[in-house]
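Coordinate inspection notes
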Amino acid sequence: MEEKFAAIVVGAGPAGSTAAYLMAKAGLEVLLIEKGAAPGSKNMFGGRMYSHALNQVIPGFWAEAPVERPVAKEIITLMTGDQCLSISIQDLSWTKPPYHYHSFTLLRAEFDAWLAAKAEEAGAMLACGIRVDDLLIKDGRIVGIRAGEDEMLADVVIAADGVNSLMAQKAGLARMFSPGQVATGVKQVIKLSPEEISRRFQLEGNNGAAQLFVGECTKGMQGGGFIYTNKDTISLGLVIKAAELQKTQHKIADLVEEFKHNPHIRPLVEGGEVVEYSAHLVPEAGLDMMPRLYGDGILVAGDAAGFVLNLGYIVRGMDFAIASGQAAAQTVIEAARNNNFSRQSLSQYAKLLKESFVLRDLEFYRKAPHFLENRRMFEVYPQLACGLMSRMFTVDGSPPAHLLNKVLSQVKESQAGLAQLAGDGWKGARIL
Ligand SMILES: Cc1cc2nc3c(=O)[nH]c(=O)nc-3n(C[C@H](O)[C@H](O)[C@H](O)COP(=O)(O)OP(=O)(O)OC[C@H]3O[C@@H](n4cnc5c(N)ncnc54)[C@H](O)[C@@H]3O)c2cc1C
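Predicted model, so just to flag it, every value in this text is computed and none were measured.

Right, let's talk about the overall build of the protein for a bit. Helices and strands together make up the secondary structure of the protein, namely 16 helices and 19 strands. Relative to the globule expectation of 22 Å for 432 residues, the C-alpha radius of gyration of the protein, 23 Å, shows essentially globular dimensions. Over its C-alpha atoms, taken along the principal directions, the protein stretches across nearly 90 × 45 × 40 Å. Looking at the protein as a whole, 53% of its 432 residues qualify as buried. Long-range contacts, defined as pairs at least 24 residues apart, comprise 72% of the intrachain contacts of the protein with a sequence gap of at least 6. Accessible surface, the protein as shown: approximately 19,400 Å² in total, 52% of it carbon and sulfur. Averaged over its 43 positive side-chain charges, the protein has a centre that lies 6 Å from the centre of its 47 negative ones.

This is the structure in structure tokens:
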């Protein structure tokens, strides 16, 4: 007879491992299945996780988790060919109480392996190197999974299998996404000594930096560049809307090389050795690509549910994945108590997500993905801002002009009129 679990979790990313950890801790029999040879071996991200969600699940997790550096410095850089304009903030309170470390840079191979091991320690069974191919459906409800020849039964399946979730599609809860709804990310991990990293980014001790780039690095396409400092590596990469890459036929692998060799970036990574290269999709359409979150015997969590927020200056997916894994676990624990895994019983999941920051924040920023489709953000405004700053600091014997005149002539030279600039500024301030 096939073994039956209370819950099968598909995918040992942050969403799946959190759900498995909490359910196992509550005494449920849990199977956590990962297609990669080890948790994290198939995963990538830019590099920074906001701490608040995991701190709810494992208070003070940083004392034992393989985190790299607490982020103490944020930099946003607008780039044109020759110019770049950076706005930077260093806030040391992010590395102290009461923030209890606001965010950390991480490497997913180590972090995901640690979180999955926590689930195992709590009693979950972890099966790696197994790709789940299908769901078992009986009388209209999900009763387990099929992986190759093997069938495994469960009261409930949690689809935590990431962007383009096969499980959510098989359950009829989601459709295949369109290129306009996702971005492609590529990343290089570049090795340098810890002292050199701290020196180049002007950081004290093990403090870290997160730098986002807009403009030239994506050739004006919707997206951006990123650099995150780890202990002895730098994560550097680009995220660009898949539809834009398709349209322009640019190769993101070439663009990332160009980005790395850009004279503004080269001094930061020079002499470093590339030790890792990876690529992955990012869900970017916000609530517009959210599937139905539950069905009879199934819940959908993390990227599989489209829970990613990209505001251009902040990228969040990990904290949503962890909190949705937590809400999924709470729902299943309650369903097991009542021995009721029906759609109606599992609807508690959506209620918990609405009460948590997950759906609150996604709802709050609902219009952000549409706003960021505006090409002026990636082409015209970086040029305008860099041009204006350059004018302010240029002394070349030309007749002087007051600041207002400099602003007006810079706007005139840009492809955006004053009205458009004011309109975009007003909209941006309300939406982002
Ligand atoms: C380029 C890039 C930059 C990003 N930057 C950031 C950032 O700086 N900060 C941030 O918070 N977020 C960032 N994100 C988003 C973040 O990576 C995701 O939101 C997060 O990883 C989602 O976690 P998850 O557990 O839902 O899915 P995933 O981490 O994708 O995990 C899903 C797991 O399921 C497994 N799986 C898939 N299908 C199957 C199957 N059929 N059978 C078995 N196993 C399966 C996969 O191997 C994987 O391990 C970034 C993403 C990308 C791509």
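Further remarks concern the side chain of Ser 324. As for its position among the elements, Ser 324 is in helix α9 (residues 318-338). By relative accessible area, Ser 324 is classed as buried at 0%. In terms of polar contacts, Ser 324 uses its side chain to reach the backbone amide nitrogen of Gly 302, at 2.9 Å. Among residues more than four places away in sequence, those in contact with Ser 324 are Ala 301, Gly 302, Phe 307, Tyr 349, Leu 353 and Val 358.

Partitioning the protein into structural domains gives domain 1 (5-66 + 107-175 + 289-355), domain 2 (69-104 + 178-284) and domain 3 (371-431). Contacts between domain 1 and domain 2 engage 21 residues on the former and 27 residues on the latter. Connecting domain 1 to domain 2 are 1 salt bridge. Between Arg 48 and Glu 74 there is a salt bridge, with its nearest N and O atoms 2.8 Å apart.

Attention now moves to the site of the ligand. The full set close to the ligand counts 36 residues, and Glu 34, Gly 46, Arg 48, Arg 108 and Asp 303 are the nearest of them. One of the side-chain N or O atoms of Asn 43 is found 3.0 Å from an oxygen atom in the ligand. At 2.7 Å, a side-chain N or O of Arg 108 approaches an oxygen atom of the ligand. The fraction of the free accessible surface of the ligand (1,000 Å²) that becomes covered by protein chains is 97%. Of all the secondary structure elements, the ones that give two or more residues to the shell around the ligand are α1 (14-25), β2 (30-34), β15 (273-283), β19 (315-316) and α9. In terms of residue class, the shell around the ligand is made up of 17 nonpolar, 10 polar and 9 charged. For the shell around the ligand, the domains that each give at least three residues are domain 1 (5-66 + 107-175 + 289-355) and domain 2 (69-104 + 178-284).

Now for the UniProt feature "domain: FixC-like C-terminal" (unreviewed entry) in the protein. Those places that UniProt annotates as "domain: FixC-like C-terminal" (unreviewed entry) correspond, in this numbering, to residues 368-431. Each end of residues 368-431 is marked by a C-alpha atom, and these two atoms are 6 Å apart; helix forms 67% of the span and strand 0%.

Across the interface, helix α14 (residues 380-393) lies against helix α15 (residues 403-413) with an axial gap of 10 Å and an inter-helix angle of 145°. Classified by chirality, the crossing of α15 by α14 is right-handed. Taking contact as the criterion, the partners of Gln 383, Leu 384, Gly 387, Leu 388, Arg 391 and Met 392 in α14 are, on α15, Leu 403, Lys 406, Val 407, Ser 409, Gln 410, Val 411 and Glu 413. Partitioning the contact of α14 with α15 into residue classes produces 6 nonpolar, 4 polar and 3 charged.

Phi angles above zero are rare outside glycine, and Asn 164 is one such case at about 60°. Within the secondary structure, Asn 164 sits in the loop between β10 (150-159) and α4 (166-170). Of note in this structure, Gln 202 is not a glycine but carries a positive phi near 55°. Tracing the chain through its elements places Gln 202 in the loop between α5 (194-200) and β12 (208-215). Its relative accessible area of 61% is what places Gln 202 among the exposed residues.

For α14, which comprises 14 residues, the first-to-last C-alpha distance of 20 Å matches the rise-based estimate of 20 Å (1.5 Å per residue) to within 8%. Taken together, the buried positions of α14 are Val 380, Tyr 381, Pro 382, Leu 384, Cys 386, Gly 387 and Leu 388. Where α14 is buried, its residues meet β4 (67-79), β5 (84-90), β12, α15 and α16 (418-431).

Turning to the UniProt feature "domain: ETF-QO/FixC ubiquinone-binding" (unreviewed entry) in the protein, a few remarks are in order. According to UniProt, the "domain: ETF-QO/FixC ubiquinone-binding" (unreviewed entry) feature falls on residues 218-280. Note that residues 218-280 is 33% helix and 38% strand, and that its end C-alpha atoms are spaced 17 Å apart.

Before going further, it helps to spend a moment on the pairing of β2. With 5 of its 5 residues buried, β2 lies for the most part within the structure. Alternating residues of β2 divide into Val 30, Leu 32 and Glu 34 and Leu 31 and Ile 33, and every residue in both groups is buried. Sheet analysis places strand β1 (residues 4-10) next to β2, joined by 4 bridges and oriented parallel. Within the sheet, the bridge partner assigned to Val 9 lies in β2 and is Leu 32. In this region the chain leaves β1, passes through α1 and returns to the parallel neighbour β2; the handedness of that crossover is right-handed. Note that β2 and strand β7 (residues 125-128) share 4 bridges and pair parallel. Looking at β7, one finds that Leu 32 is bridged to Leu 126.

Attention now goes to the packing of aromatic side chains. Inspection of every chain in the model, using the stated rule, returns 10 aromatic pairs. Between Phe 61 and Trp 62, the ring centres sit 5.2 Å apart and the planes meet at 70°, which makes this aromatic pair edge-to-face. Each member of the pair, Phe 61 as well as Trp 62, carries the same accessibility label: buried. Centre to centre, the rings of Phe 111 and Trp 114 are 5.8 Å apart; their planes meet at 40°, and the pair counts as tilted. One end of the pair, Phe 111, and the other, Trp 114, are both in helix α3 (residues 108-121), 3 residues apart, so they sit about a helical turn from each other.

Definitions and cut-offs
- Residues numbered from 1 in each chain as written.
- Predicted model: local features only at pLDDT ≥ 70, side-chain atom pairs only at ≥ 80, totals over all residues.
- Heavy atoms only, no water.
- Helix = DSSP H or I, 4+ residues; strand = E, 2+ residues; numbered from the N terminus.
- Rg over C-alpha atoms; globule rule 2.2 N^0.38 Å.
- Buried < 20%, exposed > 50% of the residue type's maximum accessible area, 1.4 Å probe, protein only.
- Contact = heavy atoms within 4.5 Å.
- Areas by Shrake-Rupley, 256 points an atom, 1.4 Å probe, with all protein chains shown as cover.
- Lys, Arg positive; Asp, Glu negative; His and termini not counted.
- Charge placed at Lys NZ, Arg CZ, Asp CG, Glu CD.
- Polar contact = N/O pair within 3.5 Å; in protein donor to acceptor, adjacent residues only side chain to side chain.
- Domains from an automatic or database assignment.
- Salt bridge = Lys/Arg side-chain N within 4 Å of Asp/Glu carboxyl O.
- Near = heavy atom within 4 Å.
- Nonpolar A, V, L, I, M, F, W, Y, C, P; charged D, E, K, R; others polar.
- UniProt positions renumbered as here; feature names shortened; annotations may be inferred.
- Axes fitted to C-alpha atoms, helices over the stretch in contact; angles between N-to-C directions.
- Left-handed = near helix turned anticlockwise from the far one by under 90°.
- Expected span 1.5 Å × (residues − 1).
- Pairing = 2+ DSSP bridges.
- Right-handed = clockwise from strand over helix to strand, strands pointing away.
- Phe/Tyr/Trp six-rings, centres within 6.5 Å; stacked < 30°, edge-to-face > 60°.

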